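Each chain, written out:
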Amino acid sequence: MSEESPMNRGWGSEAAPKTGWLRRTWETIIQSQALVLLLFLIIISTIIWLISPRFLEVGNLAVVTRQTSFIALVSLGQMLCLIAGVIDLSVGTTAGFAGICAALLMHNTTMNPYLAMACGLLVGATVGLVNGLLVTRVKLNPFITTLSMSFIISGLILVVTGGWAIPNLPESIQWLGKDSVGSVPVPTIVTLIVAVILAFVLNRTFIGRHIYAIGGNKDAALIVGIQVNRLTTLVYILSGTLSALAGVLMLARLASGQPTVGDTWLLPSFAAPILGGAALNGGAGSVLGTLVGALLMTVIQNAIVMTGMTVYWENVVIGLVLVAAIVLDRVRTAKRG
Amino acid sequence: MDGTNILEFVEISKGFPGVQALDRVSFAVRRGEVHAIVGENGAGKSTLMKIIAGLYQPDGGEIHLDGKPVVLKDAHRALGLGIAMVPQELNLIPEMSVAENILLGMEPHNSLGVVDRNRQLQRAGETLASLGLEGVNLGQRVKGLSVAQQQMLQIARALAFQCNVLIMDEPTASLSEREQIALFERLRMLHEKGTTILYISHRMEEVFDISDRITVLRDGKFVGTLPREEATQDEVVRMMIGSTMADYLHGRSARLEMRRAVLEVRDLGRQGHFHEISFDLHQGEILGFAGLVGAGRTELLGSIFGALPRDTGDVRVNGQPATIHHPADAIKAGLGYVPEERKRLGIFPELSVLTNTTIPFLRKLQRMTVIDRRAERQSGEQLARRLRVQTPSLEQRIVKLSGGNQQKVILSRWLGSGADILILDEPTRGIDINAKAEIHALIAELADEGKSIIMISSEIQELLAICDRILVMRNGAIVSEVSSATATQEDILRLAMFGSEATLQPANPKI
């Protein structure tokens, strides 16, 4: 038999396609949603900077990244849900509710304020747990379940606050929302730490792989021994906890418990991960992409302020960006064929 | 046939981890005879043939060719000595023409090394003619040929190499009845021309049809060689399984007792799907499940794996009671499952071939909770090579692969996870004919290595060719057990349709 013995045919004997590192790098860039998005972000920023040069001043950039961190945290939670093939419509209200609970504990008890914030996180985790159990054990539809949960929570916020803000919170916690290390705001640092941990878990541990697998094909995931129900519940718990983290950081920043916190976070929480490559029907999504997506959302909001447009345009623009993101998702799905 | 020995095996031994596939096997093959080698799956017959073809090296013993000891260090050497094997998985090059494939590696050429097309065509034509195959389109690409035709080409290739010993490894597994008759005609022609043929099978009918002498192997040991005229089917079957058929089917044979039961299923039931299901699966055994669609086979095996519910019954794995409520429990107990619906239950379409391969055994690939990517890649490459998965790279999304290659990836998962018990539900449905033969060969190979396999198929022919025993299900119950050595398609079909009360002709009334 000759060298090209068909016994060796197939994948094993073929050498890897030889391409230069330049070409490989280029292909990686093209294929990575996050990097394409980053390019887009740079272009938009340049345009804004040409219109309003103050945009790139350090002070304004700190404002942008601080604002981004809240959106980014809820978006990371939503991203986990999207990867696992479910959605969480209660991220915004969970953030608000966690903040209000922490504020009430600080206002009405002598509890250590940090402990009160931890309780806020626990509230978020609990909301996630309930969402997760309803979806996986009672087998309810994720959309309706979390939509109902969102209504219940926003109602609860009004019940406990009567619609009023909770003032006079301890000053000791405000550094978490307001201070900076150098010129990097503390919430931004917290978000980056969370993002690094999440990226590690998603890419380098079997739990991360299993979450992608569940979103990729839930039934096949069961066959390969993945604890689909448990992991989906875990994803909801993480989503609730991350939203709560955004809520209590916002509490520290505002130094008062505002019942409206998180009201406008739901739509960006979808737009950011989907812009960053997450698939609406599950199985795909990246931390880096979501962060860049969240930054893009905030830059657009900031640009409306900086260029002197009326703020009422904000919702219109965010809605348009979300539609664009979904169109992108559609195109990606079609291309996969 | 001049009565001298062309091949002699002297104390040949070969072990795999955990299994002694061949244990000091000695016998002789006479020049010009058709010598059948029979035995159940795991008896070691395929291992022995791979040693003769130079694909495996024995741990001990000698092979004598024409009275002289030879070392067959690889397939090339064996071919040079005139020994050629037609493997179960055919290995022609699909993109090449018929003529090119026949003369592959020995193309007629001029002094400059340029292939002489005319002589190539002429010699390929002559070779085919010597097999009685005239009028074949020599320029046709192999890709479009049937398994039977490819098998003929493979035999032609062996003849072109002037081989005088031809090894046929379970050649009828993927053939229709008509194709089988045609194959036998060709083999008889070769026989008349003096070619020695080693014919491996476990189907009595074929063996008695074609062979001059029959050698029986059991559990890696030589049991005996009988001239066909002096042998009866009963006797050969008894030698193969070490007891009578009746004892064998009730799990009491010496062979089955020697091989421990790895899976014991007792009184399994699920309302409306199956009831009172009990059976044992032994180490190295391939157990088939036949039945009509809706007989409850998929529901039963899915419930054993924990993917589908059941109401009653117990399962023991390796003698230990196993509580399997979730596939994760089953995997931990050493089971693997290839589902019938590949698209819905098998693949993660958007994930890579590598991720699809390693997903059930990532925990084995991690160090301190972190996936060791190098180990993962190595494992993936190894499995892809072993199963000959054809993909441009391991990063390719699995949905881009052909059905056969997807199925190989799904099978490779369970080799990687180290499963000892494999449940295969219609493993060859909807995949191309070559991949099908490859999967058949792989299943036999796994049984040789001591793995135990349960297989559902709606092709009775396939079950007869591959399995040792076959359980026939009807309306959610096991109605009968047959041995694939002697049962016929009609027997099984009758049982599947009418149950055991129907006028069943015992496969072999004397036993």
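The shown structure was predicted, so the numbers you read here are calculated from the model rather than taken from an experiment. (Residues numbered from 1 in each chain as written. Chains lettered and ligands numbered in written order. Predicted model: local features only at pLDDT ≥ 70, side-chain atom pairs only at ≥ 80, totals over all residues.)

If you tally the helices and strands in chain A, you get 14 helices and 2 strands. For chain A, buried positions account for 47% of its 337 residues. Counting contacts in chain A only where the partners sit at least 6 residues apart, residues at least 24 apart contribute 77% of the total. (Helix = DSSP H or I, 4+ residues; strand = E, 2+ residues; numbered from the N terminus. Buried ≥ 20, exposed ≤ 12 C-beta atoms within 10 Å, placed from the backbone. Contact = placed C-beta atoms within 7 Å.)

So, on to the interface of chain B and chain A. The parts lose accessible area when they come together, and the size of an interface is often stated as this lost area. At the junction of the two partners, chain B supplies 38 residues and chain A supplies 26 residues. Of all the secondary structure elements, the ones that give two or more residues to the side of chain B that touches chain A are α2 (75-80), α12 (327-332), α13 (342-346), β18 (370-371) and α15 (373-386) of chain B. In the side of chain B that touches chain A, the residues fall into 23 nonpolar, 9 polar and 6 charged. (Nonpolar A, V, L, I, M, F, W, Y, C, P; charged D, E, K, R; others polar.)

Let us now look at the domain arrangement of chain B. For chain B, the assigned domains read domain 1 (5-243) and domain 2 (249-334 + 450-511). Taking the mean C-alpha position of each, domain 1 of chain B and domain 2 of chain B sit 32 Å from one another. (Domains from an automatic or database assignment.)

Glancing now at the packing of helix α5 (residues 147-160) of chain B against helix α6 (residues 177-192) of chain B. Residues and elements named next belong to chain B. One can describe the packing of α5 onto α6 by two numbers: an axis separation of 10 Å at closest approach and a directional angle of 15 degrees. By the criterion of interaxial angle, the relationship of α5 to α6 is roughly parallel. Seen along the crossing, α5 lies across α6 with a hand that is right-handed. Between α5 and α6, the residues in contact are A148, Q151, M152 and I155 and E179, A182, L183 and R186, respectively. (Axes fitted to C-alpha atoms, helices over the stretch in contact; angles between N-to-C directions. Parallel < 35°, antiparallel > 145°, perpendicular 65-115°, else oblique. Left-handed = near helix turned anticlockwise from the far one by under 90°.)

Along an α-helix, residues three or four apart share an orientation, since each turn contains 3.6 residues. Across the 8 residues of helix α1 (residues 45-52) of chain B, 8 count as buried, placing the element largely inside the fold. Note on α1 of chain B: the residue one or two positions beyond its end, G54 of chain B, has a positive phi of about 85 degrees.

For the rest of this paragraph, the subject is the sheet that holds strand β12 (residues 274-282) of chain B. All names here are of chain B. The strand order β12-β11-β14-β15 describes an open sheet built from 4 strands, whose pairing is antiparallel. Each edge of the sheet is formed by a strand with only one pairing partner; in this case those strands are β12 and β15 (320-322). In this sheet, adjacent strand axes meet at a mean angle of 20 degrees when their direction is disregarded. Relative to β12, strand β11 (residues 261-270) runs antiparallel, the two being bridged by 6 bridges. Bridging from a neighbouring strand, A261 pairs with H282 of β12. (Pairing = 2+ DSSP bridges.)

Attention now goes to the environment of E177 of chain B. Tracing the chain through its elements places E177 of chain B in helix α6. Separated by 284 residues in sequence, E177 of chain B and Q461 of chain B place their C-alpha atoms 9.2 Å apart.

Here the focus is the environment of G294 of chain B. Note on placement: G294 of chain B falls in the loop between β13 (286-291) and α11 (297-304). On the basis of neighbour count, G294 of chain B is assigned to the partly exposed category, with 13 C-beta atoms found within 10 Å.

With that settled, consider the nonpolar core. One finds A102 and V248 of chain A together with I453 of chain B to be the most contacted residues of the largest nonpolar core, which totals 175 residues. The element contributing the most residues to this core is helix α11 (residues 228-254) of chain A, with 14 residues. If sequence neighbours within four positions are ignored, I453 of chain B has contacts with I286, L287, L422, L424, I443, L446 and A447 of chain B. Ranked by size, the runner-up nonpolar core spans 72 residues in total, among them F27, A84, L90 and L92 of chain B. (Core = buried A, V, L, I, M, F, W, Y, C linked by C-beta atoms within 7 Å.)

Turning our eyes to something else, we now look at the pairing of strand β14 (residues 312-317) of chain B. Within a regular beta strand, the side chains point alternately toward one face of the sheet and then the other, so they alternate between its two faces. Residue and element names in this part refer to chain B. In the sheet, β11 pairs with β14 via 5 bridges, with the strands oriented antiparallel. Pairing of R266 across the sheet is with D314, part of β14. Direction of pairing for β14 relative to β15: antiparallel, over a ladder of 3 bridges. Bridge pairing links V315 to A322 in β15. The turn joining β14 and β15, which pair antiparallel and follow one another in sequence, is formed by 2 residues; a positive phi near 55 degrees is taken by N318.

What follows covers the sheet that holds β13 of chain B. Residue and element names in this part refer to chain B. Spatially, the 6 strands line up as an open sheet ordered β16-β19-β20-β13-β21-β22, and their pairing is mixed. The open sheet is flanked by β16 (335-338) and β22 (477-483), the only strands paired with a single partner. Neighbour-to-neighbour, the strand axes of this sheet turn through a mean angle of 20 degrees, independent of strand direction. For β16 and strand β19 (residues 421-425), the ladder comprises 4 bridges, and the chain directions are parallel. Bridge pairing in β19 links Y337 to I423.

Turning to unusual backbone geometry, a few remarks are in order. We note that E170 of chain B has phi near 40 degrees; this positive angle belongs to a residue other than glycine. Following the sequence through the fold, E170 of chain B ends up in the loop between β7 (165-169) and α6.

Moving on, we get to the packing of helix α3 (residues 58-83) of chain A against helix α4 (residues 91-108) of chain A. Residues and elements named next belong to chain A. Following both chains from N to C, one finds α3 and α4 inclined at 130 degrees, their axes separated by 10 Å at the closest point. The orientation of α3 with respect to α4, classified from their angle, is oblique. Crossing geometry of α3 relative to α4 is assigned as right-handed. Here V74, G77 and Q78 of α3 lie close against α4, whose contacting residues are V91, G92 and A95.

The next subject is the confidence of the model for chain B. Residues and elements named next belong to chain B. When pLDDT is averaged along chain B, the result is 86, and 94% of the positions lie at 70 or above. Below a pLDDT of 50 lies the segment residues 502-511, which in the model reaches 18 contacts outside its immediate sequence neighbourhood of four places, other chains included. Confidence estimates for the predicted assembly give a pTM of 0.76 and an ipTM of 0.81. (pLDDT = per-residue confidence, 0-100.)

Residues and elements named next belong to chain B. Burial analysis of β19 places 5 of its 5 residues in the buried class, which makes it a mostly covered element. By the alternation rule, side chains of β19 split into I421, I423 and D425 and L422 and L424, which are all buried. As judged from the 5 bridges shared by β19 and strand β20 (residues 452-456), these two strands associate in the parallel manner. Bridging from a neighbouring strand, I423 pairs with I454 of β20.

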